[in-house]
Amino acid sequence: MLALLAAGFLLPPAAAATETSVVCPVDPLPVTSAQTDALFALAAGRLYAASDISGLKPPGVKFPFGATARQTQYMRSDVYGWTAGFYPAELWLMYERTADPAWLALARTWTRSLLPVAKWTGSHDLGFMIGLPAGLGMRLDPDPAQRITYRRAIIDAAKSLSSRWNNKVKAIKSGEYDGKWGLIIDSAMNAPMLIEAGDMIGGTEGALLRTRGQQHLLTLAKYFVRSDGSTFHRLTFNPRTGALTGPVYGQGYNMATSTWARGQAWAMYGFAKGYAVTGNPALLAAANRTNAFWNQQVDPGCVPAWDLAVSSAFAPRDSSAAAIAAAAMLLLADLDPGGSSDNRQLALTTLGTLTSSEWTSVNTQSPGLLIKQTWNVPILKYEGSYVWGDAYLLESALKVSETTKR
Ligand code: GLY
């Protein structure tokens, strides 16, 4: 932490508690169809350039992860990386946008190389890794036989996550943090897959998956969402009693008092998705509370620093948090059209910023799309372009592109 203070982009907690660091355009405007067209044109070139897997046959396929601003080639992860599903998801979104069989072929190839991971019980991130790309494949692949393969993978992945269930904490274990049984707010994005898989298989086994997915989200809502709607990033529990043992450091500034920007966006999206697949009003309330906190801290069209309590204008941004928040707001606008904020308009304005040439890679050598994202500032302070921010930016741009034509 001292190193971060010395690097000059953290302020002492007293200042951080009352100020918010965002950067905003002079005149934030909603996204236009010209901007979404430009984004997809950029994506076509960048994603195709990253798609060559000749000589990298499974299991050696390396999945794009991200690149700092100085890198012109992707750092890549193996199939077990938590980010492995985002690049295949981007390929599916390109297919949805274009209906071009070349994107379908690429999306299938990259998704199929991931599917064996569905039976792996070593990660809580199978919702990102399998649920996202296989879910897109189930919706978009015209071949019923392929769709069955994706469906099977989603069910396998949900069972793998379910094997990490703890009946005292009433949650799926995220990992060991400081050597203790831990949960992470990001897992809100993985739990909805259990509910979807439960609906697919039905019966007693399906009901168990549904119950566990929903209860995991309720446990997160109970412990992670503070009274003002902000969120913790990582909490640990006693797995024998279920008792909360406290926050631990993760990717945010202060484990107890600050709010990691991307964690807040994961919470908004995860709770909204949880409500979409359960209809449980407690999950809608959690989505609305976390969304309200975001909107208090981040004005329309603005992009936050990596942690919402960090108030230096020189702090690294996390534009991926803004992209995920915009995707969450679009979902909330559909689910709760009478909600207290105009989520659709807020999302359109955020996307207006993120698809402008200041925030995309159009004038850079980056292999990705959305620049000024951060991965894990306490480990790597440099901004860059990462596949998760790109995937949610494309998802949102695709969703709004039909309605922004003028
Ligand atoms: N799930 C890890 C992250 O968002 O960085």
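In short, a report on the structure. (Residues numbered from 1 in each chain as written. Predicted model: local features only at pLDDT ≥ 70, side-chain atom pairs only at ≥ 80, totals over all residues. Heavy atoms only, no water.)

### Quick look at the environment of alanine 333
For step 1, the next point in the chain: One can find alanine 333 in helix α12 (residues 319–335).
For step 2, the next point in the chain: Note on alanine 333: relative accessible area 17%, which makes it buried.
For step 3, the next point in the chain: C-alpha of alanine 333 to C-alpha of methionine 193: the two residues are 140 residues apart in sequence and 21 Å apart in space.
For step 4, the next point in the chain: Those residues within four positions of alanine 333 in sequence are excluded, and the remaining contacts are Asn343 and Arg344. (Helix = DSSP H or I, 4+ residues; strand = E, 2+ residues; numbered from the N terminus. Buried < 20%, exposed > 50% of the residue type's maximum accessible area, 1.4 Å probe, protein only. Contact = heavy atoms within 4.5 Å.)

### Notes on the packing of aromatic side chains
For step 1, the next point in the chain: Scanning all chains against the criterion turns up 19 aromatic pairs.
For step 2, the next point in the chain: Where tryptophan 92 meets tyrosine 150, the ring centres are 5.8 Å apart and the plane angle is 85°; that geometry is what we call edge-to-face. Of this pair, tryptophan 92 sits in helix α4 (residues 86–98) while tyrosine 150 is found in helix α7 (residues 144–162), placing the two residues 58 residues apart along the sequence.
For step 3, the next point in the chain: Ring geometry for tryptophan 181 against phenylalanine 237: centres 6.3 Å apart, planes inclined by 90°, an arrangement best described as edge-to-face. Of this pair, tryptophan 181 sits in strand β7 (residues 180–184) while phenylalanine 237 sits in strand β8 (residues 234–237), and the two are 56 residues apart along the sequence.
For step 4, the next point in the chain: Under the relative-accessibility criterion, phenylalanine 237 is labelled buried at 2%.
For step 5, the next point in the chain: Taken together, the ring pairs in this structure connect Phe65, Trp82, Phe86, Phe128, Trp266, Tyr269, Trp375, Tyr386, Trp388 and Tyr392 into an aromatic cluster.
For step 6, the next point in the chain: In this structure, arginine 70 is placed above the aromatic ring of tyrosine 382, and the distance from its NZ or CZ to the ring centre is 5.3 Å.
For step 7, the next point in the chain: For lysine 372, the ring lying beneath its charged end belongs to tryptophan 359, and the centroid distance is 4.5 Å. (Phe/Tyr/Trp six-rings, centres within 6.5 Å; stacked < 30°, edge-to-face > 60°. Lys NZ or Arg CZ within 6 Å of the ring centre and 35° of its normal.)

### A closer look at unusual backbone geometry
Across residues other than glycine, the phi torsion is negative in most instances, and most of the peptide bonds are trans.
For step 1, the next point in the chain: Positive phi is not limited to glycine here, since aspartate 178 has a value of about 55°.
For step 2, the next point in the chain: Secondary-structure assignment places aspartate 178 in the loop between β6 (175–177) and β7.
For step 3, the next point in the chain: Taking the relative accessible area as the measure of exposure, aspartate 178 reaches 63% and is therefore exposed.
For step 4, the next point in the chain: With phi around 60°, lysine 372 is a residue other than glycine that occupies positive phi space.

### A closer look at the pattern of salt bridges
For step 1, the next point in the chain: Scanning all chains against the criterion turns up 9 salt bridges.
For step 2, the next point in the chain: One salt bridge in this structure joins aspartate 199 and arginine 210, with 2.7 Å as the shortest N-O distance. Of this pair, aspartate 199 sits in helix α8 (residues 192–201) while arginine 210 is found in helix α9 (residues 203–224), placing the two residues 11 residues apart along the sequence. (Salt bridge = Lys/Arg side-chain N within 4 Å of Asp/Glu carboxyl O.)

### Brief notes about helix α3 (residues 33–49)
For step 1, the next point in the chain: If you check α3, its first and last C-alpha atoms are 24 Å apart, about what 17 residues at 1.5 Å a residue would give, namely 24 Å.
For step 2, the next point in the chain: Burial in α3 covers these residues: Ser33, Gln35, Thr36, Leu39, Phe40, Leu42, Ala43, Arg46 and Leu47.
For step 3, the next point in the chain: Packed against the buried residues of α3 are α4, α5 (101–112), α13 (343–354) and α14 (387–401). (Expected span 1.5 Å × (residues − 1).)

### Thoughts on the sheet that holds strand β3 (residues 75–77)
For step 1, the next point in the chain: Reading across the sheet, the 3 strands line up as β3-β2-β11 and stay open at both edges, with antiparallel pairing between neighbours. Sheet topology places β3 and β11 (384–386) at the edges, where each strand pairs with a single neighbour. Within the sheet, the average angular offset between the axes of one strand and its neighbour, ignoring direction, is 25°.
For step 2, the next point in the chain: Sheet topology note: the strand β2 (residues 63–68)/β3 ladder contains 3 bridges and is antiparallel. When the bridges of β3 are listed, proline 64 appears paired with arginine 76. (Pairing = 2+ DSSP bridges. Axes fitted to C-alpha atoms, helices over the stretch in contact; angles between N-to-C directions.)

### So, the site of the ligand
For step 1, the next point in the chain: Taken together, the neighbourhood of the ligand is formed by Trp82, Asp186, Gln251, Trp260, Arg262 and Trp266.
For step 2, the next point in the chain: Across the complex, the protein chains shield 93% of the 200 Å² of accessible surface that the ligand would expose by itself.
For step 3, the next point in the chain: Its residues placed into classes, the shell around the ligand shows 3 nonpolar, 1 polar and 2 charged. (Near = heavy atom within 4 Å. Areas by Shrake-Rupley, 256 points an atom, 1.4 Å probe, with all protein chains shown as cover. Nonpolar A, V, L, I, M, F, W, Y, C, P; charged D, E, K, R; others polar.)

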